[in-house]
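Now for the letters of each chain:
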Amino acid sequence: MIKKIGKVKEVFIPEDKTIDSDKIGFKVMLDTKMIEIIEKQDERNSNIFKDDLVIITETNISNKIFKDIELYDGDFYD
C-alpha cells in the first residue's frame, strides 16, 4: 500500500449512458503527474472540492492497482 498527498485540480461527473449516475471523478496532481480517480459517490468523497489536499492510497491486489481518495485533514502516517 502506497499513500501520497496530492491536490485536486478538477472534480467532475463522468460520462455515463444511464440517467442516474452515482459516480464522481477527480483529477489529482501527484508529484509531477496528473491522475484520474472515478468512484461511487458517497458522503466521504462528496466533500472533496477543487484545490483540496487529498491522500491517495494505492493498493495492489492480484496485480491490479486500486486507488482510493480521502480528504487530507493534516494527519499523515506512512
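That block above? That's the structure.
Residues numbered from 1 in each chain as written. Predicted model: local features only at pLDDT ≥ 70, side-chain atom pairs only at ≥ 80, totals over all residues. Heavy atoms only, no water.

Visitor: Looking at this structure, how should I read the environment of Asn47?
Guide: For Asn47, the position within the fold is in the loop between β3 (33–40) and β4 (53–61). When neighbours within four sequence positions are excluded, Asn47 is seen to be in contact with Asp52 and Leu71. At a separation of 3.2 Å, a polar atom in the side chain of Asn47 contacts the main-chain carbonyl oxygen of Glu43. (Helix = DSSP H or I, 4+ residues; strand = E, 2+ residues; numbered from the N terminus. Contact = heavy atoms within 4.5 Å. Polar contact = N/O pair within 3.5 Å; in protein donor to acceptor, adjacent residues only side chain to side chain.)

Visitor: Help me understand the environment of Lys50, please; the structure alone is not making it clear to me.
Guide: Examined against the element boundaries, Lys50 turns out to sit in the loop between β3 and β4. The class for Lys50 is exposed, based on a relative accessible area of 55%. Through-space distance from the C-alpha of Lys50 to that of Phe12 is 9.8 Å; in sequence the pair is 38 residues apart. Non-local contacts of Lys50, meaning those with residues more than four positions away in its chain, are made with Val8, Lys9 and Val11. (Buried < 20%, exposed > 50% of the residue type's maximum accessible area, 1.4 Å probe, protein only.)

Visitor: Any chance you could explain the packing of aromatic side chains here in plain terms?
Guide: Applying the stated criterion across every chain, the model contains zero aromatic pairs. The lysine or arginine in question, Lys27, covers the ring of Phe12, its NZ or CZ lying 5.8 Å from the ring centre. Its end group placed over the ring of Phe66, Lys64 keeps NZ or CZ at 5.7 Å from the ring centre. (Phe/Tyr/Trp six-rings, centres within 6.5 Å; stacked < 30°, edge-to-face > 60°. Lys NZ or Arg CZ within 6 Å of the ring centre and 35° of its normal.)

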